[in-house]
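A structural walkthrough
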Amino acid sequence: MNFELIVNSIGAVGVILSVVFLAFQIKKNTKTVRANYYDSLNDTNVEFLRQMIENQELGSLFEKASISWNTLNKDDKRTSNFLFLQLFRHYENMFYQNKMEVFESWLWDSHKNTLISYFQH
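The following refers to the structure shown. The shown structure was predicted, so the numbers you read here are calculated from the model rather than taken from an experiment. (Residues numbered from 1 in each chain as written. Predicted model: local features only at pLDDT ≥ 70, side-chain atom pairs only at ≥ 80, totals over all residues. Heavy atoms only, no water.)

**Section: the overall build of the chain**
- In terms of helices and strands, the chain carries four helices and zero strands.
- Going from the N terminus to the C terminus, the chain shows its helices and strands as α-α-α-α.
- Here the C-alpha radius of gyration of the chain, 25 Å, is well above what a compact globule of 121 residues would show, namely 14 Å.
- Projected onto its principal axes, the C-alpha positions of the chain cover 90 × 25 × 20 Å.
- Within the chain, the fraction of its 121 residues that count as buried is 22%.
- Intrachain contacts of the chain at a sequence separation of at least 6 include 53% that bridge at least 24 residues.
- Of the roughly 9,300 Å² of accessible surface on the chain, a fraction of 59% belongs to carbon and sulfur atoms. (Helix = DSSP H or I, 4+ residues; strand = E, 2+ residues; numbered from the N terminus. Rg over C-alpha atoms; globule rule 2.2 N^0.38 Å. Buried < 20%, exposed > 50% of the residue type's maximum accessible area, 1.4 Å probe, protein only. Contact = heavy atoms within 4.5 Å. Areas by Shrake-Rupley, 256 points an atom, 1.4 Å probe, with all protein chains shown as cover.)

The following block contains the structure:
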């Protein structure tokens, strides 16, 4: 009887340690997933800005479109529309990720303020 109690106790301790280890691994994996998302988010931001920096005409057009849409000609409006679509799809993804609680709310708040400033123009 004593031997059976010892074996069951060791088995119970083993199960508890396994659950603790699993919880630790899940937490670590969650941090990794979040870090990868942050990296992806940053890459998307940098890529959008890189377009504006490397192509000065495009950067100037984006600035003009943000400030005074009605002064643009038809071709510039079309190009600007694609730029805004690209940017807003990025923000749409961020909004969805925020609703899924993938990242901290302060990060969304920061980007949301930028988005609102574009809408105000």
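**A look at the nonpolar core**
- The biggest cluster of nonpolar side chains holds 19 residues, and the ones touching the most others in it are Phe-62, Met-94 and Phe-103.
- Residue assignment for this core shows that the elements contributing at least two residues are α1 (2-54), α2 (56-67), α3 (74-99) and α4 (105-120).
- In contact with Phe-62, other than residues within four places in its own chain, are Phe-48, Met-52, Leu-83, Phe-84, Leu-87 and Tyr-118. (Core = buried A, V, L, I, M, F, W, Y, C linked by side-chain atoms within 4.5 Å.)

**Thoughts on unusual backbone geometry**
- Positive phi outside glycine occurs at Glu-101, with the angle close to 60°.
- The residue Glu-101 is located in the loop between α3 and α4 in this model.
- The exposed category is assigned to Glu-101, whose relative accessible area is 61%.

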